[in-house]
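Topology and contacts: notes
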Amino acid sequence: MKKMLFAIGVCASMLVQGQDLILDDNTIPLDENTPLTINPNSGDIVVSSENGNLVCVDNSQANAPTLTLSTNPTTFTSSSTNVTVSWSVSGADTCFASNAWSGAKSSSGSNNSEVLSNVTQTSIYELTCSNSFGSVQKSAVVAKTGTITNPTPLTLSMSASPTSVIAGGQATISWTLGNVASGATCTASGAWSGSKAAQTGNNTEVVNSITPPATFTLSCQNPGTNAVVRQVTVNSQGSAQCSSQPPIALVEQTAPNTFQDGTNNIPWGEATGVTVRYGLSKFKYSALDFVSPSGNLTKKVFFENGRPADGGPANYTVAISECPGDFSVHLNQNFCKVSGSTPTLRWTTDPAVSSRCTLEKNKQYYLNIVHSLDEANGYTNSICPDAAECGVLFSELF
């Protein structure tokens, strides 16, 4: 009987489903018929084959790396000093430094060190080491004392909500600060700019007209310390091919419940004779997401002139596409785009039906609507007669 140890741990279930274990003299195919047991005491995963070979998959190494980090000295009073950063790491594939130092660092060994010359202020040295099971981050501080009493680097975390938007959309950027001293500052760069709130606790700002992917960087520091830098990225909503699709104007309506009858909550495609009404600003468009029906269905969407109370009549350009705000591709089908004062958009999920915008079943699409016929100028010239907004009024019919 032959025994081998594999450091794959919790990935064993994935291995059983999709890969084989290769020994030095044969291969054990792993599938749903392969005997597999888990030792409840040790956590070992044992796979045995029909020919008697035994493979013991040990989960002892199926963890994120271990890491320690320190500096020498930890404090100084002179105008500058040299700092030695030392670290011990095991089980890592990569290690990267951030804040007061940078770059790739040794990902193995117990006696790693690097000397940083001419350090003039309180500094934070961060190191993040990773493998396929996770990552670990450690930090060490060198404090300059004397000029400023006990300077302490602040702590900073950052997030975005939502993490993906349609081009021209908005997101809320949040950052949380701790250990904030008097005179602390925060400065934005990347997809935003300027001074930002440097107050203890949670701070937020709504950013409009985002062109994704957009990276928001924030650098904050206490007096006498080096800056702490964090960043978040807001990606493009929609499939990968939509990432470079520019907005024709600012997006406004995006909520999927815009497609639903407010009384019966009937999803897109299943309602008949239900009128949807909402207001759309003069120089903005809708990119309403929906999932096509799972069965064969043939429908039409009839657009009407808005009521005077909704801003009066206005011509529309309407297109179904896989990308939000896309009024040009139209799924390569002429029937997927209509325009005029009372256009009718005809679509189907039945491949046997012709002369309709053919959609795949159970797939996400966008119904893009704009109050303009001016394709040559990117629909930026709105026909909406109201200075603020015009109504959008449409019904689903068979």
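Coordinates for the structure precede this section.
Described in the following lines is the structure provided in the data block. The residue numbers shown here count from 1 along each chain, following its written sequence. Predicted model: local features are reported for residues with pLDDT of at least 70 only, side-chain atom pairs are reported and counted for 80 or more only, and whole-chain, interface and lining totals are derived from all residues. Side-chain calculation: all heavy atoms of the structure are included, whereas hydrogens and water are not.

1. A few points about the overall build of the chain
Just so we agree on the cut-off: We count a stretch as a helix when DSSP gives it H or I for four or more residues in a row; a strand needs E for two or more, and each element gets its number in order from the N terminus. Only protein chains enter the calculation, and the probe is 1.4 Å; a residue is then buried if its accessible area is under 20% of its type maximum, exposed if over 50%, and partly exposed in between. Between two residues, a contact is recorded if the distance between any of their heavy atoms is within 4.5 Å.
Regarding its fold elements, the chain presents one helix and 32 strands. When burial is assessed residue by residue, the chain has 43% of its 398 residues classed as buried. When contacts within the chain are restricted to residue pairs at least 6 apart in sequence, those whose partners lie at least 24 apart make up 66%.

2. Some thoughts on the state of the cysteines
Selection criterion: Note on terminology: pairs of cysteine sulfur atoms within 2.5 Å are recorded as disulfides.
Scanning all chains against the criterion turns up three disulfides. The disulfide partner of Cys336 is Cys357, and the gap between their sulfur atoms is 2.0 Å. The sign of the S-S torsion, about 95°, decides the handedness of the disulfide formed by Cys336 and Cys357: right-handed. Here Cys336 is found in the loop between strand 27 (316–321) and strand 28 (337–340), whereas its partner Cys357 is found in strand 30 (residues 357–358), with 21 residues between them in sequence. One exposure class covers both Cys336 and Cys357, and it is buried.

3. Looking at the sheet that holds strand 11 (residues 103–105)
Condition: Strand pairing is assigned whenever DSSP detects at least two bridges linking the two strands.
The five strands lie next to each other as 8-14-13-10-11, forming an open sheet whose pairing is mixed. At either margin of the open sheet sits one strand with a lone partner, and together these are strand 8 (75–76) and strand 11. One ladder, built from three bridges, connects strand 10 (residues 94–99) with strand 11; its direction is antiparallel. Bridged to Cys95 within strand 11 is Lys105.

4. Remarks on the packing of aromatic side chains
To keep things clear, this is the line we draw: The pairing test for Phe, Tyr and Trp rings, Trp by its six-membered ring, is centres within 6.5 Å, and the orientation test on the planes gives stacked under 30 degrees, edge-to-face over 60, and tilted for anything in between.
Summed over the entire model, instances satisfying the criterion amount to seven aromatic pairs. Residues Phe327 and Tyr379 carry aromatic rings whose centres are separated by 5.4 Å and whose planes lie at 45° to one another, so their mutual orientation is tilted. Of this pair, Phe327 sits in the loop between strand 27 and strand 28 while Tyr379 sits in the loop between strand 31 (364–370) and strand 32 (389–397); the two residues are 52 residues apart in sequence, bridging distant segments of the chain. Like Phe327, the residue Tyr379 is buried in the burial classification.

5. Overview of the sheet that holds strand 12 (residues 109–119)
The cut-off we apply is this: Between N-to-C directions, angles cover 0 to 180 degrees, with each direction set by a line fitted to C-alpha atoms, over the stretch in contact for helices.
In spatial order, the strands read 7-9-12; together these three strands make up an open sheet with antiparallel pairing. Unpaired on one side and paired on the other, strand 7 (66–72) and strand 12 mark the two borders of the sheet. Averaged over all adjacent pairs, the angle separating strand axes in this sheet is 20°, with direction ignored. As paired elements, strand 7 and strand 9 (residues 81–90) share seven bridges and run antiparallel to each other. Bridging from a neighbouring strand, Leu69 pairs with Trp87 of strand 9.

6. Some words on the nonpolar core
Within soluble globular proteins, side chains that are nonpolar tend to cluster in buried spots. Using the following cut-off: Residue types Ala, Val, Leu, Ile, Met, Phe, Trp, Tyr and Cys, when buried and joined through side-chain atoms within 4.5 Å, form a set referred to as a nonpolar core.
Ile173, Trp192, Phe216 and Leu218 are the most contacted members of the largest nonpolar core, which totals 24 residues. Of all the secondary structure elements, the ones that give two or more residues to this core are strand 15 (155–161), strand 17 (169–178), strand 18 (185–190), strand 20 (201–210), strand 21 (214–221) and strand 22 (228–236). Every residue in contact with Ile173, bar those within four places of it in the chain, is listed here: Met158, Ser159, Ala160, Trp192, Asn203, Thr204, Glu205, Val207, Phe216, Val232 and Val234. Residues Phe290, Leu297, Val318 and Trp347 belong to the second largest nonpolar core, which totals 22 residues.

7. Considerations on the pattern of salt bridges
Note the threshold: Counted as salt bridges are all cases of a side-chain nitrogen of Lys or Arg within 4 Å of a carboxyl oxygen of Asp or Glu.
One pass over the structure, following the stated rule, counts six salt bridges. For Lys105, the salt bridge identified is with Glu114, shortest N-O distance 2.7 Å. Among the residues examined, Glu114 registers a relative accessible area of 24% and is labelled partly exposed. Residues Lys363 and Glu360 are paired through a salt bridge, measuring 3.4 Å at the closest nitrogen-oxygen approach.

8. Quick look at the side chain of Thr71
Its place among the elements puts Thr71 in strand 7. In contact with Thr71, other than residues within four places in its own chain, are Val83, Thr84, Val85, Tyr125, Ala140, Val141 and Val142.

9. Structural notes on the environment of Cys129
Tracing the backbone through its elements, the reader meets Cys129 in strand 13 (residues 123–131). The exposure class assigned to Cys129 is buried, which follows from its relative accessible area of 0%. The spatial distance from the C-alpha of Cys129 to the C-alpha of Ala64 is 8.5 Å, given a sequence separation of 65 residues. Other than its neighbours up to four places away in sequence, Cys129 contacts Pro65, Leu67, Val89, Ala92, Thr94, Cys95, Gly134, Ser135 and Val136.

10. Considerations on the pairing of strand 14 (residues 134–144)
When a strand is regular, its side chains alternate between the sheet's two faces. Two strands pair when backbone bridges link them, and strand 8 and strand 14 are joined in this way by two bridges, in the parallel orientation. What sits directly across from Thr75, in strand 14, is Ala143. Here nine bridges tie strand 13 to strand 14, and the two strands are oriented antiparallel to one another. Of the residues in strand 14, the one forming a bridge with Asn131 is Gly134.

Function cannot be inferred from these measures alone, as they are strictly geometric.
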